[in-house]
Amino acid sequence: MNTKARLTDQITERERRHQALALEVATEGVVLFSNHGVLPLQPCPLALYGAGAAYTIKGGSGSGEVNVRHSVSVLEGLEEAGFDVVTKDWIARYDRLWRTGKEAFLRAMRRKLLFPTARVLTKLMESSYHFPSGDRLTETEVDSTGADTCIYVLSRQSGEGHDCYDEPGSFRLDETETHNIRLCAGRFRRFILVINSGNPMDLTPLDSMPGIGAVVYMGQLGMEGGRALVSVLTGQVSPSGKLAVSWPQRYSDVPFGNEYGQDPQVAAYKEGIFVGYRYYDSFDITPRYPFGYGLSYTTFAIASEAAGMDNDMVRCSIRVSNTGGQYSGKEVVQLYARCPGAEQPFRQLVAFAKTGLLAPGESETMHLTFSVHDLASYVPQTAQTILSAGHYLLCAGTSSRDTRPIAVVHVIKDYVLSQHRNLCAPADKVSALTHTNTFDIPEGLQELRYAPTRLTTRVIDYTAPPEPVPSRVSELMKDFTSADYARFCAGTGMSGEKRGFRTPGAVGHTTTDYIAQGIPNAEMCDGPAGIRLEKRAVRYPDGDIRAVDPSISVYEFFPRFLLNWLVLGTPDKGQMLYQFVTGFPIAAVVAQTWNTHLAERMGRAVSDEMDEYGVTFWLAAAMNIVRNPLCGRNFEYLSEDPLVTGRIAAAITRGAQASPKNCATVKHFSANSQEAHRYCVSSEVDERVLREIYWRGFEIAVREAKPRAVMTAYNRLNGIYCANSHELCTDLLRREWEFDGVVMTDWMSTGKNRADEAEAIRAGVDIIMPGGRKEVKALQQACSDGRLTVGELRHAAARVIQIIIVHSQPIQEKL
């Protein structure tokens, strides 16, 4: 077994370079919620409290975890910057409380393993240790610190397999947190609340607390989190992050939130297209912090300079000026459209751009472009995308609630842009909300007239045959049987095979049976906050490679002797191997940068690390729409808005695929916006809503960045498992969007009471993951009993082989 893991644990220049980039991404994703003259700070004696002070959470749990050499806490970042943290006693007490609680939690989990049924194992996967809030502070303790400045770090964990709850300690503050924040805000002259969470929270208690000087949303900033936060707190970097997800005042403001995750069989998307700000702005519900919101240490002025139209492209030039007198900063220009007619949201984002660093008095003209066709709507009754006649008001600003009109687009008549077939449509209408968008056009606005003399309607051909098998692949496969095809169409299990090439920590592998024929195995690794690999592994004298440390938190539930027997290796019994990767901020924070150039640079850094360690498939970006603030994997997702989701994901994908060896895998396709009951629930969604909200981001990424792989979701979509949907995996993805890569299932999507392996291949899936002998046997049996043709299996195998021989690490590097 061969690997590209290093033989030394010395830090490399690549590590230092990527850590600096991780710091840059993190600082640009921090959002300043409020500041009453308290920030920025200078180093001083400081009281530091809260669960995230020393145990700062860098990211979520589950497949999104990234194993790094070291993660910088808020405490470490403050002390490194010269602050004198005077509450070490409280932090030490919290450390003891945290450890005691963690030990009790693990004991309870291990007791459940005495009866390891499938249900128990599933529940364990969905469990995570809940950080304690810490001791209840007293006035005496607070006053004895002698400091006049306090930072309280409020933390929340979330992760794969379980959602959050509208309860204290989850979406809401618990009693201890409320007491401690109120006490500190009232006793310290300068009080800053820092929120270390991947999800929005209910901050209602803050409304009745005098003395809160500033609120900073750091999110979960990856391995450089503490340094990034402190660089913003001290003014070394002026905050420029903007929310990509609205923060509601309270959970009752979330549309149909009382139904979320309750039904194990059906998740009805009753809000329809009114997701996030589209709902709050349309129905006049004031969020606590609106979509696109974020403050700076300086001020900006935005002025429209020009607007024009070139064929179907609308072009707006907007001048941004730093009007402050002290701090440099960056601003995000957001362009929204108000579309006329019934069933339209109050506004929708159509373009955005982020300035460079502007010094006081400096200006930059931003050029925002979009296609007028982006203003069209899908009409399911005729299966057409139609740009309706009317006036479309363009408004520019710095959040969805802070815009002003700059131009109007006049579409003179209805235009049918494309003729589709109804795909993945529900049996009955699901959406329960209606809104008619009426508005006046201000006088004096520039009018852009859209009246093309010729416009050809695109008619989708859903009968087009699959692309022919390339001659090189056909030659490699000339003597293959259905048994050979099946081995390529199913992975080799989570642990892989004890031969070929191995990247320790890879979560998926393709077959090693055909290396002699020139087809190496390909390694797949989780994302999206970096590559999840093993930091340390050991190669035994017989060539077997085993991890030394548990790579995912669920392993903590198992006794160490059992892990050593089944999974982990012993360092002194072989050659040590090292793989140190970069832990970038969570995807939600990357989206808050609104910086596609920075996102692409992050993707390129991931690409470099894929090359370094021999990874072919990176399982990222995660592109599900943030539909509800309680979703456990919101930290992995980018935004409630499909344009932000699509553009940031496209940028990351371009970067990750900068090397021709590497394949980004966008996921989870589609409508996978909850963790509860994810293996069985049917997301019931109207087709228009799918096309304009839940599919739109994927379409942007597929068309603009051409990811080489797509991963299907666990759930059913309008009754059919995503992995078994021919309309989703072939008609939409390949025939409408012209995707030409590999489609894989999510891990353990198939089997009893889940998607069917043979139906997945027939639907357009190419590889069942993580696979194993059972899946290979199931595909062979399906060919034998006629549920799957050999031709269908052969074509799927050909796509897998094609992507391996074109994009996998060169064979000579692996053998």
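Please refer to the structure placed before this passage.
Bear in mind that the values here come from a model prediction, so they are computed numbers and not experimental data.

Let's talk about the overall build of the chain
Per the secondary structure count, the chain includes 21 helices and 33 strands. In terms of principal-axis extent, the alpha carbons of the chain reach across some 75 × 75 × 50 Å. The 815 residues of the chain split such that 63% are buried. In the chain, the proportion of contacts linking residues at least 24 apart, taken out of those at least 6 apart, comes to 79%. Of the accessible surface of the chain, which amounts to about 30,000 Å², a share of 50% is contributed by carbon and sulfur atoms. For the chain, the separation between the mean place of its 86 positive charges and that of its 93 negative charges on side chains is 3 Å.

Section: helix H15 (residues 687-694)
Within H15, seven of the eight residues are buried, which leaves the element mostly enclosed by the surrounding structure. Considered for burial, the residues of H15 that qualify are Glu687, Arg688, Val689, Leu690, Arg691, Ile693 and Tyr694. On its buried side, H15 packs onto helix H8 (277-282), strand S14 (377-379), helix H14 (642-656), helix H16 (696-705), strand S31 (716-717) and helix H17 (726-736).

Here we look at the nonpolar core
Judged by nonpolar contacts, the single largest core of 143 residues is most densely connected at Trp695 and Met744. For this core, the leading source of residues is helix H20 (residues 790-807), giving nine residues. The residues touching Met744, leaving out its near neighbours within four places in the chain, are Met524, Phe617, Leu619, Thr665, Ala709, Val710, Met711, Thr712, Val765, Ile767 and Met769. If you look at the next biggest cluster of nonpolar residues, it comprises 80 residues, including Ala26, Tyr129, Leu173 and Leu183.

Comments concerning the state of the cysteines
Evaluation of the coordinates by the stated rule reveals zero disulfides. Cysteine Cys150 shares no disulfide, and the gap to the nearest cysteine sulfur, in Cys184, comes to 4.0 Å. Among the cysteines around Cys164, which has no disulfide bond, Cys631 carries the closest sulfur, lying 8.1 Å off. Take Cys164: its relative accessible area is 16%, and that puts it in the buried class.

A closer look at empty space enclosed by the protein
For the coordinates displayed, the defined rule picks out five cavities of 30 Å³ or more. In this structure, the largest cavity encloses a volume near 120 Å³. Taken together, 15 residues line the largest cavity, and the ones lying closest to its centre are Gly276, Tyr280, Arg627, Pro629 and Glu640. A per-class count over the lining of the largest cavity returns nine nonpolar, three polar and three charged.

Concerning the sheet that holds strand S8 (residues 300-310)
The strand order S8-S9-S13 describes an open sheet built from three strands, whose pairing is antiparallel. Here the strands that pair on one side only, and so sit at the sheet edges, are S8 and strand S13 (363-371). Taken over all neighbouring pairs, the strand axes of this sheet differ in orientation by 20° on average, direction set aside. Alignment of strand S9 (residues 313-322) against S13, held across nine bridges, turns out to be antiparallel. What sits directly across from Val320, in S13, is Glu364.

Here's the deal with the pattern of salt bridges
Across all of its chains, the model carries 65 salt bridges by this definition. Put simply, Glu609 and Arg14 hold a salt bridge, and the shortest N to O gap is 3.1 Å. With Glu609 in helix H13 (residues 596-613) and Arg14 in helix H1 (residues 13-29), this residue pair connects regions lying 595 residues apart in the sequence. For the pair shown, Glu609 and Arg14 are each scored as buried. In this structure, a network of salt bridges that share partners links the residues Arg6, Arg14, Glu15, Arg69, Glu609 and Glu612.

What about unusual backbone geometry?
Residue Pro40 follows Leu39 across a cis peptide bond; omega there is 0°. As for its position among the elements, Pro40 is in the loop between strand S1 (31-35) and strand S2 (45-49). Here Phe669 and Ser670 are connected by a cis peptide whose omega angle stands at 20°. When you line up the elements, Ser670 lands in the loop between strand S28 (663-669) and strand S29 (682-684). Backbone geometry places Ala383, a non-glycine residue, at a positive phi of 55°. By the secondary structure assignment, Ala383 is in the loop between S14 and strand S15 (384-387). Phi at Asn718 takes a positive value of approximately 50°, unusual for a residue other than glycine. Here Asn718 is to be found in the loop between S31 and strand S32 (720-721). Residue class for Asn718 comes out buried when judged on its relative accessible area of 13%.

Analysis parameters
Residues numbered from 1 in each chain as written. Predicted model: local features only at pLDDT ≥ 70, side-chain atom pairs only at ≥ 80, totals over all residues. Heavy atoms only, no water. Helix = DSSP H or I, 4+ residues; strand = E, 2+ residues; numbered from the N terminus. Buried < 20%, exposed > 50% of the residue type's maximum accessible area, 1.4 Å probe, protein only. Contact = heavy atoms within 4.5 Å. Areas by Shrake-Rupley, 256 points an atom, 1.4 Å probe, with all protein chains shown as cover. Lys, Arg positive; Asp, Glu negative; His and termini not counted. Charge placed at Lys NZ, Arg CZ, Asp CG, Glu CD. Core = buried A, V, L, I, M, F, W, Y, C linked by side-chain atoms within 4.5 Å. Disulfide = S-S within 2.5 Å. 1 Å grid on protein atoms, 1.4 Å probe; cavity = no way out; pocket = protein on both sides within 12 Å on 5 of 7 lines; lining within 4 Å. Points joined across faces, edges and corners; volume = space filled by probe spheres on them. Nonpolar A, V, L, I, M, F, W, Y, C, P; charged D, E, K, R; others polar. Pairing = 2+ DSSP bridges. Axes fitted to C-alpha atoms, helices over the stretch in contact; angles between N-to-C directions. Salt bridge = Lys/Arg side-chain N within 4 Å of Asp/Glu carboxyl O.

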